[in-house]
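Fold and contact review
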Amino acid sequence: MPRTDVMLADHRLAAAQESLGRGLVKAAVVAAQQRVRDGLALPDEAVEAALALLPGTACGLQPVVNATGVLVHTNLGRAPLSPAAVAAVTAAADYTDVEFDLAGGRRARRGRTALAALAEAVPRARAVHLVNNNAAALVLAATALARGKEIVISRGELVEIGDGFRLPDLLESTGARLREVGTTNRTTLDDYAKACGPETGFLLKVHPSNFRIEGFTSEVSVEQLATLGPPVVADIGSGLLRPEPLLPGEPDADTALRQGAALVTASGDKLLGGPQAGLLLGDADIVERLRRHPLARALRVDKLTLAAIEATLRGPRPPLHRSLHTSVAELRERAERLARRLGTRAEAVATTARVGGGGAPGVELPSAGIAVDQELAVRLRANDPPVVGRVTDGRLVLDLRAVDPAQDEVILAAVERACR
Ligand SMILES: *Cc1c(COP(=O)(O)O)cnc(C)c1O
């Protein structure tokens, strides 16, 4: 059995220690020695085996091919960053002028260029601010504007976001009281009007972004709420800045502000296609109150987020935009090409993709993919990189709508390997 120190001294494993650190390389060496002990590799193949077992980066997160047909998949990290955003993150990873005025040699407003990009993207917003995520944006708004007071909200909009986290609990954790009005399916302007008074901090309009109520329903628009007096905070969820014709039911920041919202909150990593972040857009005095609140410091975004948000806003359209807008004809062509090359192992199929928990519930996006034996699911998830599909009607479907066309070859190779 080759000794650990001898293996670690091999020039390739020594080079790997420069990029991965000693601990991860040593773990690969130990695993390779085990393979030798188990008879899975010969002693003189131990270094090769260790090299094959090295992780791609010093981080346990693995890049994954999202063939689920769910564009904004929370378990898969929501939106993939654009190459422009990745480049910006890499550049900002070093020392950076995030909070420094290079011309004057003084402290400067943190993230000013990212904030300027957001303000330019939504000119109707008098002021903008960025926090860690949309939940943080809501906590900051509730704390700064309604602590010890009431947030008036429709019973139809008391949403659970996911993983057991519920917006009502989040809002009440700030010391604000919820004043629930209306019923699950119907809430009228009069319901809100009766609840408004000296105790009102703000009226909250939450987009039910992960479910849909159909049938005998009525809800009150931001426009109507804005006639009542107290500020209206609109949680639009998905982060669309302008209307998206493909998703007619999905609210957007510009429209909510035009309709009279004093403050709009949204996520950065849903339909905006950027990093995890919370967008706050609205009246200058309200945004300034949030920005100056002590809690704002605890919710402040990292320089990497600032870099990624700005590049998402200023750079080319992010991958999510391509996923949403690719024609079904193009997807079908890709699926057929894959199926042709895989022969009997795969069949091109018409599928239905979705935006996902991030928005547009109920919207079906016509899509295409390949169907393979369901038994391949485990092996495809163990592929490098892992390919994640969804099981439908006893088969594993690999939906191409959220897949970068450059990854079709990865899917092809993964299925071929999994079939062996
Ligand atoms: C997703 C979502 C949230 C939570 O946003 P995070 O950025 O994940 O914190 C809150 N409200 C609505 C309406 C959402 O869709």
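Up top is the structure these notes are about.
Presented here is a report on the structure given in the accompanying data block. These numbers were taken from a predicted model, which means no experiment stands behind them. (Residues numbered from 1 in each chain as written. Predicted model: local features only at pLDDT ≥ 70, side-chain atom pairs only at ≥ 80, totals over all residues. Heavy atoms only, no water.)

1. With respect to the sheet that holds strand β13 (residues 347-353)
The test is simple: Any two strands with at least two DSSP-identified bridges between them are counted as paired. Secondary structure follows DSSP: runs of H or I at least 4 residues long count as helices, runs of E at least 2 residues long count as strands, and numbering of each begins at the N terminus. Fitted lines through C-alpha atoms give the axes, limited to the stretch in contact for helices. The angle between two N-to-C directions lies from 0 to 180 degrees.
An order of β13-β14-β17-β16 is seen for the four strands of this open sheet, with the pairing classed as antiparallel. Whereas interior strands pair on both sides, the edge strands pair on one side only; in this sheet they are β13 and β16 (390-392). The average undirected angle you get between the axes of adjacent strands in this sheet is 45°. The sheet contact formed by β13 and strand β14 (residues 365-373) spans seven bridges and is antiparallel.

2. Observations regarding the environment of Thr 326
Operational definition: Each residue gets one of three labels from its accessible area relative to the maximum for its type: buried under 20%, exposed over 50%, partly exposed in between, using a 1.4 Å probe on protein chains only. Only heavy atoms enter the contact rule, under which two residues are in contact if any of them lie within 4.5 Å. Pairing of N or O atoms within 3.5 Å defines a polar contact, subject to two protein rules: one partner must be a possible hydrogen donor and the other a possible acceptor, and residues neighboring in sequence count only if both atoms are side-chain atoms.
Structurally, the position occupied by Thr 326 is in the loop between α15 (319-325) and α16 (328-342). Among the residues examined, Thr 326 registers a relative accessible area of 12% and is labelled buried. Distance in space between the C-alpha atoms of Thr 326 and Pro 251 is 22 Å, their sequence separation being 75 residues. Here Thr 326 is in contact with Leu 331 and Arg 401, once residues within four sequence places are set aside. At 2.6 Å, the side chain of Thr 326 forms a polar contact with the backbone oxygen of Arg 322.

3. Some details on the sheet that holds strand β10 (residues 232-237)
Taken in spatial order, the seven strands make up an open sheet running β4-β12-β11-β10-β9-β5-β8, and their pairing is mixed. Lying at the two open borders of the sheet, with one neighbouring strand each, are β4 (127-131) and β8 (177-181). Sheet twist, expressed as the average angle between the axes of neighbouring strands with direction ignored, equals 25°. For β10 and strand β11 (residues 263-267), the ladder comprises four bridges, and the chain directions are parallel. Along β11, the bridge assignment pairs Gly 237 with Ala 266. Lying on the sheet, helix α7 (residues 134-146) is in contact with β4, β5 (150-154), β9 (200-206), β10, β11 and β12 (278-282); it crosses β9 at an angle near 160°. Contacting β4, β11 and β12, helix α12 (residues 284-292) runs over the sheet at an angle of about 30° to β4.

4. Re the side chain of Ser 323
By secondary structure assignment, the location of Ser 323 is in helix α15. In contact with Ser 323, not counting residues within four places along its chain, are Leu 71, Arg 401 and Ala 402.

5. With respect to the nonpolar core
Test applied: Buried Ala, Val, Leu, Ile, Met, Phe, Trp, Tyr and Cys residues that are joined via side-chain atoms within 4.5 Å together make up what is termed a nonpolar core.
Counting 34 residues, the largest nonpolar core has Leu 130, Val 264, Leu 279 and Leu 281 as its most contacted members. Per-element tally for this core: the top contributor is helix α6 (residues 112-121), with four residues. Those residues in contact with Val 264, other than ones at most four positions away along the chain, are Ala 234, Ile 236, Ala 253, Ala 256, Leu 257, Leu 279, Leu 280 and Leu 281. With 30 residues, the next largest nonpolar core counts Ala 137, Ala 144, Ala 176 and Leu 299 among its residues.

6. Observations concerning the site of the ligand
Condition: Note on terminology: near, applied to a residue and a molecule or strand, indicates that one of the residue's heavy atoms is within 4 Å of it. Note that accessible areas follow from Shrake-Rupley with a 1.4 Å probe, and for residues the cover is restricted to the protein chains shown. Residue type decides the class: Asp, Glu, Lys and Arg count as charged, Ala, Val, Leu, Ile, Met, Phe, Trp, Tyr, Cys and Pro as nonpolar, and the leftover types, Gly among them, as polar.
Taken together, Arg 78, Asn 133, Asn 134, Ala 135, Ile 161, His 207, Ser 209, Asp 235, Gly 237, Ser 267 and Lys 270 are the residues near the ligand. Here an oxygen atom of the ligand sits 2.8 Å away from a polar atom, N or O, in the side chain of Arg 78. With respect to the ligand, the backbone of Ala 135 contributes an N or O atom lying 2.8 Å from an oxygen atom. Out of a free accessible area of 380 Å², the ligand has 94% covered by protein chains. Among the elements of the structure, α7 and β10 are those that each provide at least two residues to the shell around the ligand. A class-by-class count of the residues in the shell around the ligand yields two nonpolar, six polar and three charged.

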